[in-house]
Amino acid sequence: MFDYKWALKELETIQTLEQLEEVFQKYLGKQWSLTLAFKEMASLSPEEKKEAGKTLSEAKTLLNEAYEAKLQELSIYQINESLNKDLVDFSLEKSPYNIWHRSLLAEVRREAEEVCKSMWFIIEYGTDVVTKFENFESVNIPLSHPATEMQDTIYLKETDPRGEPLILRTQTSSMQNFMIKKYGVPLKAVVPGKVYRYENMDATHDTMFYQLEGIVVDKWVTIAHAKHMIEKLLSAILKKDVETRMRPWYFPFVEPWFEIDARYEITDPKTGKKTMSKWMELLGAGMIHPKVLEMAGVDPKEYSGFAFGMGLSRLAAVRYGIKDIRYFTNGDLRFAQSF
Ligand code: FA5
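Overview of the structure.

Definitions and limits used
- Residues numbered from 1 in each chain as written.
- Predicted model: local features only at pLDDT ≥ 70, side-chain atom pairs only at ≥ 80, totals over all residues.
- Heavy atoms only, no water.
- Helix = DSSP H or I, 4+ residues; strand = E, 2+ residues; numbered from the N terminus.
- Rg over C-alpha atoms; globule rule 2.2 N^0.38 Å.
- Buried < 20%, exposed > 50% of the residue type's maximum accessible area, 1.4 Å probe, protein only.
- Contact = heavy atoms within 4.5 Å.
- Near = heavy atom within 4 Å.
- Polar contact = N/O pair within 3.5 Å; in protein donor to acceptor, adjacent residues only side chain to side chain.
- Areas by Shrake-Rupley, 256 points an atom, 1.4 Å probe, with all protein chains shown as cover.
- 1 Å grid on protein atoms, 1.4 Å probe; cavity = no way out; pocket = protein on both sides within 12 Å on 5 of 7 lines; lining within 4 Å.
- Sits in = over half its atoms within 2 Å of the grid points.
- Nonpolar A, V, L, I, M, F, W, Y, C, P; charged D, E, K, R; others polar.
- Pairing = 2+ DSSP bridges.
- Salt bridge = Lys/Arg side-chain N within 4 Å of Asp/Glu carboxyl O.
- Axes fitted to C-alpha atoms, helices over the stretch in contact; angles between N-to-C directions.
- Parallel < 35°, antiparallel > 145°, perpendicular 65-115°, else oblique.
- Left-handed = near helix turned anticlockwise from the far one by under 90°.
- Arc of directions from axis to C-beta.
- Core = buried A, V, L, I, M, F, W, Y, C linked by side-chain atoms within 4.5 Å.

### A short note on the overall build of the protein chain
- Assigned secondary structure in the protein chain consists of 11 helices and 10 strands.
- Taking 2.2 N^0.38 as the reference for a compact globule, 339 residues should give roughly 20 Å; the C-alpha atoms of the protein chain span a radius of gyration of 35 Å, well beyond that estimate.
- With respect to the principal axes defined by its C-alpha atoms, the protein chain has extents near 110 × 55 × 40 Å.
- Looking at the protein chain as a whole, 40% of its 339 residues are labelled buried.
- Here the analysis covers contacts within the protein chain between residues at least 6 apart in sequence; of these, 67% occur between residues at least 24 apart.

### Some details on the site of the ligand
- Near the ligand, the surroundings consist of 26 residues, among which Gln171, Ser173, Arg197, Glu281 and Leu282 are the closest.
- Measuring from an oxygen atom of the ligand, one finds a side-chain N or O atom of Gln211 at 3.1 Å.
- Leu283 places a polar main-chain atom, nitrogen or oxygen, 3.3 Å from an oxygen atom of the ligand.
- Taking 670 Å² as the accessible area of the ligand by itself, protein coverage stands at 95%.
- Here the ligand occupies the largest pocket.
- For the shell around the ligand, the secondary structure elements donating two or more residues are strand S6 (208-218), strand S8 (254-267), strand S9 (274-288) and strand S10 (304-311).
- Residues of the shell around the ligand, tallied by class, amount to 10 nonpolar, 9 polar and 7 charged.

### So, the environment of Gln25
- Tracing the backbone shows Gln25 in helix H2 (residues 17-28).
- On a C-alpha basis, the gap between Gln25 and Gly284 in space is 75 Å, while along the polypeptide they are 259 residues apart.

### Thoughts on the pairing of strand S4 (residues 165-168)
- Pairing of strand S2 (residues 129-131) with S4, which is carried by 3 bridges, proceeds in the antiparallel orientation. Across the sheet, Val129 pairs through a bridge with Leu168, a residue of S4.
- Pairing of strand S3 (residues 155-159) with S4, which is carried by 2 bridges, proceeds in the antiparallel orientation. Along S4, the bridge assignment pairs Thr159 with Pro165.
- Hairpin connection between S3 and S4: a loop of 5 residues separates the two successive antiparallel strands, and Gly163 in this loop has a positive phi of roughly 90°.

### A short note on the pattern of salt bridges
- Per the stated rule, a full pass over the model turns up 18 salt bridges.
- We note a salt bridge from Glu113 to Arg109, for which the minimum N-O separation is 3.1 Å. With a gap of 4 residues between them, Glu113 and Arg109 both fall in helix H5 (residues 104-118), about one helical turn apart.
- Residue classification places Glu113 among the buried positions, given a relative accessible area of 7%.
- Between Asp261 and Arg245 there is a salt bridge; the shortest N-O distance is 2.8 Å. Residue Asp261 is found in strand S8, and its partner Arg245 is found in strand S7 (residues 244-248); the two are separated by 16 residues along the sequence.
- On the accessibility criterion, Arg245 (35% relative accessible area) is partly exposed.
- Sharing partners across several salt bridges, the network here consists of Arg245, Arg247, Glu259 and Asp261.

### Thoughts on the packing of H2 against helix H4 (residues 46-85)
- The geometry of H2 relative to H4 is characterised by a closest axis approach of 10 Å and an angle of 165° between their N-to-C directions. By the criterion of interaxial angle, the relationship of H2 to H4 is roughly antiparallel. At the point where H2 passes H4, the crossing takes the left-handed sense. Here H2 contributes Leu17, Leu20, Glu21, Phe24, Tyr27 and Leu28 to the contact with H4, which in turn contributes Leu63, Asn64, Tyr67, Lys70, Leu71, Leu74, Ser75 and Gln78.
- Of the residues contributing to the contact of H2 with H4, the split by class is 9 nonpolar, 3 polar and 2 charged.

### Observations concerning helix H7 (residues 176-183)
- Within H7 the residues assigned to the buried category are Gln176, Asn177, Met179 and Ile180. Looking straight down H7, one finds that the buried residues subtend no more than 165° of arc, so they occupy a single side.
- The elements touched by buried residues of H7 are strand S1 (122-123), helix H6 (132-135), strand S5 (187-196), S6, helix H9 (290-295) and S10.
- Just past H7, the residue Gly184 takes up positive phi, approximately 70°.

### Looking at the side chain of His289
- Along the chain, His289 turns up in the loop between S9 and H9.
- Contacts of His289, omitting those with residues within four sequence positions, involve Asn140, Pro252, Phe253, Val254 and Glu255.

### Things to note about the nonpolar core
- Core analysis: the biggest nonpolar cluster contains 44 residues, and Ile230, Leu234, Leu283, Phe306, Phe308, Met310 and Phe328 have the highest contact counts within it.
- The set of elements that each furnish at least two residues to this core consists of H5, S6, helix H8 (223-238), S8, S9, S10 and helix H10 (312-320).
- The element best represented in this core is H8, accounting for 7 residues.
- In this structure Leu234 touches Lys239, Ile260, Leu282, Leu283, Met310 and Leu315, once residues within four positions along its chain are discounted.

### Points about the sheet that holds S3
- Taken together, 3 strands build an open sheet; the order of strands is S2-S4-S3 and the sheet is antiparallel. Where the open sheet ends on each side, the last strands, each with one partner, are S2 and S3. With direction set aside, neighbouring strand axes in the sheet form an average angle of 40°.

Geometric values such as these leave the question of function open.
In structure tokens:
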């Protein structure tokens, strides 16, 4: 008859999960010694069968319990072992560099989003990689426009599933058509995000910078609404009184169009004297072109709207009086560590 006490002893001495598996197969697996023992019972007398059945059932329960207990013990042991191996040594000396600093650009972007939320704008980010249709044609920029050529636009080798060339978006206006189609009208939405251009870099031009697109569509929207709302947003984001001016410009996707500049001043922190004071272009805006509305399925006879594209990197420069927007992204530690 099957000696389960011996099996229990064997279980007790097991040290690894692999050994446990072997013992399981030996006693409790398909070719169980225990199963065979049950089979052997067929040749016994009814009295003996009763006795042997009771013993074997008891053995099965005990073995299963012992197996489960061992499994738990070994699993916990194995987890602890691997944790010990991966232990992080917290006694290492602190790095001489303090890596946590404020990112002024991220701060301005986050605050701009909060201001927009409080004014009931929907916020969406879109993707940095877009098709030429999204970036240009959907906002009434014909593909023959110079901006679509290599000097301004960064092309990717990859194409979309239809074979359309993919590019890095040059403007958040690439989301206008998508947003109107997605949310319908009336609509009040903003799209903050990175844009990329093949630019000649200088203190106010980077190849990657942040824009914040605004799209407002409803019945009876006028340029007076546009001016009022943009001015409100600017003063909430800049958080200080900044002199601004509005002047005409041209964008194919709005009509009429305008740009807003702000007085950009740099003060020497030591002497408190102004070292620079000039106009800086902050944003382009205008009434959404009827063709753009039509392309997004909106009847321009019934609805009108305005759109604007703010340069968040330049807004941050004006707000904090930073003399070169490239400091925000070029990783210069002297700049990063001073905030
Ligand atoms: C546009 O990108 C238009 N999509 C804006 C627009 C939206 C007009 C909706 C009408 C309606 P523009 O190229 O001027 O326009 O860029 C908008 C703003 O982004 C600029 O006013 C400026 O603040 C910022 N900007 C432009 N180029 C750069 C650059 N290279 N580096 C940093 N900021 C830039």
